[in-house]
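Structural description and commentary
One letter stands for each residue in the lines below.
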Amino acid sequence: DSGVTQTPKHLITATGQRVTLRCSPRSGDLSVYWYQQSLDQGLQFLIQYYNGEERAKGNILERFSAQQFPDLHSELNLSSLELGDSALYFCASSAAKGGGLLSTGELFFGEGSRLTVL
Amino acid sequence: GDSVTQMEGPVTLSEEAFLTINCTYTATGYPSLFWYVQYPGEGLQLLLKATKADDKGSNKGFEATYRKETTSFHLEKGSVQVSDSAVYFCALTLGGNNRLAFGKGNQVVVIP
């Protein structure tokens, strides 16, 4: 058990809909990362938050958005869903902001939320 | 940009066989290198890491050496078990924000 909790584990929805994925990081971790895992693209970094602020952005579509709340949990919002958005979405957390002595590169991953768009 | 390349295709081998999974990287700086493992139905977890050239990471019988001259970080295990069946991901970070760039992963299936 990594200590990172993601809900829901599975989600089936239709094209055009909007969904919200939730992530609770490990206790004390300030950084949250979202990754998308699909068969053709592999693991793609979407976005990182540190203590409530956006820290880094990757290949995140404009239809997707995320935020991190004061209690450090994070939500990934996916809207106007398309068939190609079907994937496994992982959240990961780490203690460090990144860089410096605290940066170990180790991320702790949740079990993922599997999204199926029909 | 910074990237990681893993050998194509799944790997199927018999128990007690030798395992090698190739990983090469492209980076503008001096990255830290990682192997993560994903067991069925679970999230990724760190297997081993190396932070500078010639470092060897090791864990659970797996080893990988950071080779700057060949920009590689190949994963090896001398005698695999059925319980090693999983997907293995090579990754790198430049430490700027702890963000990891992953390879596409290799499915390893160990048959008894």
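A few points on the structure. This is a predicted model, so every value here is computed, not measured.

Residues and elements named next belong to chain B. Overall, antiparallel pairing links the four strands, which are arranged β3-β9-β8-β7 in an open sheet. Single-partner strands in this sheet number two, and they are β3 (19-21) and β7 (56-59). Neighbouring strand axes in the sheet, compared pairwise and without regard to direction, differ in orientation by 15 degrees on average. Strand direction decides the pairing type here: β7 and strand β8 (residues 62-65), joined by four bridges, are antiparallel. Paired with Gly-57 across the bridge in β8 is Ala-64.

Cis peptide bonds are those with omega within 30 degrees of zero, and the linkage from A:Thr7 to A:Pro8 qualifies with -10 degrees. Looking at where A:Pro8 falls in the secondary structure, it is placed in the loop between β1 (5-7) and β2 (10-13). The phi dihedral of A:Leu72 falls on the positive side, at around 80 degrees, and the residue is not glycine. Relative to the helices and strands, A:Leu72 resides in the loop between β7 (64-68) and β8 (74-78). Phi at B:Lys60 is positive, roughly 55 degrees, even though this residue is not glycine. Along the chain, the position of B:Lys60 falls in the loop between β7 and β8.

The rules behind each value
Residues numbered from 1 in each chain as written. Chains lettered and ligands numbered in written order. Predicted model: local features only at pLDDT ≥ 70, side-chain atom pairs only at ≥ 80, totals over all residues. Heavy atoms only, no water. Pairing = 2+ DSSP bridges. Helix = DSSP H or I, 4+ residues; strand = E, 2+ residues; numbered from the N terminus. Axes fitted to C-alpha atoms, helices over the stretch in contact; angles between N-to-C directions.

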